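Structural characterization, general
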Amino acid sequence: MAFPEGFLWGGATAANQCEGAYLADGKGLNTADVMTAGDVNTRRRITDGVIEGENYPSHTAIDHYHRFREDIALFGEMGFKTYRLSINWARIFPNGDDTEPNEAGLAHYDEVFDCCREHGIEPLVTLSHYETPLGMQKFGSWKSRKAVDCFVRYAETCFRRYKGKVRYWLTFNEINCMSMMPWTAGGVPNDADEQTRMTAAYHQFLASAQAVQLAHQIDPENKVGMMYGGIFSYPNTCDPKDVQANDEFMRTMMFYPDVMVRGYYPAYKLREFERKGIVLPQQPGDAELLKAGAVDFLSYSYYFSMVVGQKGEGMDVSMGSPETGYTNPYIPQTPWGWSIDPYGLRHSLNLFWERYQIPLMIVENGLGTFDELVEGPDGTPVVHDDYRIDYLRQHIKAMKDAVEIDGVDLMGYTPWGCIDLVSAGTGEMKKRYGFIYVDVDDEGHGTFNRYRKDSFYWYKKVIATNGEDLS
């Protein structure tokens, strides 16, 4: 078999996109809770607190907070080996800088992890997945080194509380989004200058490094990974200037895994900082901390590839669809403008494996598109999503080739939105990814009933055959 025994097949969600119950049991507000809904043509807005009458998708989402037992049972029915989820930081420390955790929040995740174990599912937990407590705004969130202490306190609390229940951890989701969407990545205003963004990223690097060390100290069985937001690009032409432009573009993203895997800033980034006059807020011992806190594995999202050329103007992600000003005429796109490029997944796996030589994991991948709920032969509603099956089949085949032909060490695969949830980029429900359809619309209206799509049964077969039967 191409995939190794014990390969971690599963699915992925994020608390702010699925839980709802945004103030339940002592939870505080987080950055997602003040982001309004948008769509493919309308930018999500960040409001000053919660404004009555506005549509905030995180407040209700799909009510996974109250329905997690039903949802995890469905994951177990598919045969999940792992479930990637996030802890909502503001459920544990409602203001971010609290000195004592919220017991009700801790108890909730005890129940979630116990439920996973009951179904034979290994939790893979992201500590910060676009859910920075809003209370940290009083000191500038990740612009301030105070945020490092807040995160380390939170991480240590989780490592101790869930020792033996959780063994796989990710520190920050898509940490490189600090360069693109700093509010989403860490509560830093989206109009922040590059000095501010790089300061915030530096503080997240320090926080992650401390968390890695603590996780290992508390339980040597813990494995802690980083999570890269999958930005991968091709040069527009073979013109050397286009190739150089693409190299420079990729460096704006790749320095994040360079720091977290190797434990130090690459020379190309330090030179760039010198040219731009960017100064990192380094303190004695920081360099040693980054080195000692290198991650155990590298995980990342992969949805699309991009094209970059010498006349590009960077990247615009304002509508949740990354744009560089170039398109690839050789590959199709989703209705949201995301390219469909399974070959690029194999390319990315080889890029990371050759660069770092540590285990890899694809923790987000999937097709976000429209689904239609129809009546099945037995009267039960169903979604016939052959388009999703085809997308996933092609991408799993690309992973298989990377493992079997190229020798990549791949430890698992958790497609995004294994159950329908709110889109992070646009705040919509109609951009659906899941194997399970949730009857709720963009305004939060619906029965919230769960229905198995055709892809549910297909993925169950894929897991049962360890990726061998993709028919």
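Our structure is the block above this text.
Presented here is a report on the structure given in the accompanying data block.

Cut-offs and rules
Counting of residues starts from 1 at the beginning of each chain's written sequence and follows it residue by residue. Side-chain atom pairs in this predicted model are given and counted only at pLDDT of 80 or more, local residue features only at pLDDT of at least 70, and totals for whole chains, interfaces and linings cover all residues. Excluded from the side-chain calculations are hydrogens and water; all other atoms, namely the structure's heavy atoms, are used. Secondary structure elements are defined from DSSP: runs of H or I of at least 4 residues count as helices, runs of E of at least 2 residues count as strands, and each element is numbered from the N terminus. Note on classification: 1.4 Å probe, protein chains only; a residue is buried when its accessible area is under 20% of the maximum for its type, exposed when over 50%, partly exposed between these limits. Working definition of accessibility: Shrake-Rupley area with a 1.4 Å probe, residue cover restricted to the visible protein chains. Counting rule for charge: Lys and Arg are taken as positive, Asp and Glu as negative, and neither His nor the chain ends is counted. Here the site of a charge means atom NZ of a Lys, CZ of an Arg, CG of an Asp or CD of a Glu. Cavities and pockets are found on a 1 Å grid laid over the protein atoms alone: a cavity is a set of points where a 1.4 Å probe fits but cannot escape, a pocket is an open set with protein on both sides within 12 Å along at least five of seven lines, and a lining residue has an atom within 4 Å of such a point. Grid points are joined across faces, edges and corners, and a volume is the space filled by probe spheres set on the points. Any residue outside Ala, Val, Leu, Ile, Met, Phe, Trp, Tyr, Cys, Pro, Asp, Glu, Lys and Arg is labelled polar, Gly included; the first ten of those are nonpolar and the last four are charged. Nitrogen and oxygen atoms within 3.5 Å of one another constitute a polar contact, given that in protein one can donate a hydrogen and the other can accept it, and given that sequence-neighbouring residues count only through two side-chain atoms. Whether two residues are in contact is decided by their heavy atoms, any of which lying within 4.5 Å being enough.

Some points on the overall build of the protein
Along its length, the protein carries 13 helices and 14 strands. Across its three principal axes, the protein shows a C-alpha extent of roughly 65 × 55 × 45 Å. Each of the 471 residues in the protein was classed as buried or not, and the buried ones make up 62%. Carbon and sulfur atoms make up 49% of the accessible area of the protein, which amounts to about 17900 Å² in all. Taken as two groups, the 45 positive and 66 negative side-chain charges of the protein have centres that lie 4 Å from each other.

Things to note about the layout of surface pockets
Its boundaries defined by the atoms lining it, the largest pocket holds a volume of some 1100 Å³. Taken together, the elements giving at least two residues each to the lining of the largest pocket come down to helix H7 (194–218), helix H8 (240–262) and helix H9 (267–276). At four residues, the largest contribution of residues to the lining of the largest pocket is made by H8. Counted by class, the lining of the largest pocket contains 21 nonpolar, 16 polar and twelve charged residues. As for the second largest pocket, its lining consists of 14 residues, and the residues nearest its centre are Asn246, Asp247, Met250, Leu351 and Arg355. Every element with two or more residues in the lining of the second largest pocket is listed here: strand S6 (233–235), H8 and helix H11 (342–356). If one sorts the elements of the lining of the second largest pocket by residue count, H8 sits on top with six residues.

With respect to the side chain of Ser339
Relative to the helices and strands, Ser339 resides in the loop between strand S8 (306–308) and H11. At a separation of 2.8 Å, a polar atom in the side chain of Ser339 contacts the main-chain carbonyl oxygen of Ser305. Setting aside chain neighbours within four positions, we find Ser339 in contact with Tyr303, Phe304, Ser305, Ile331, Pro332 and Gln333.

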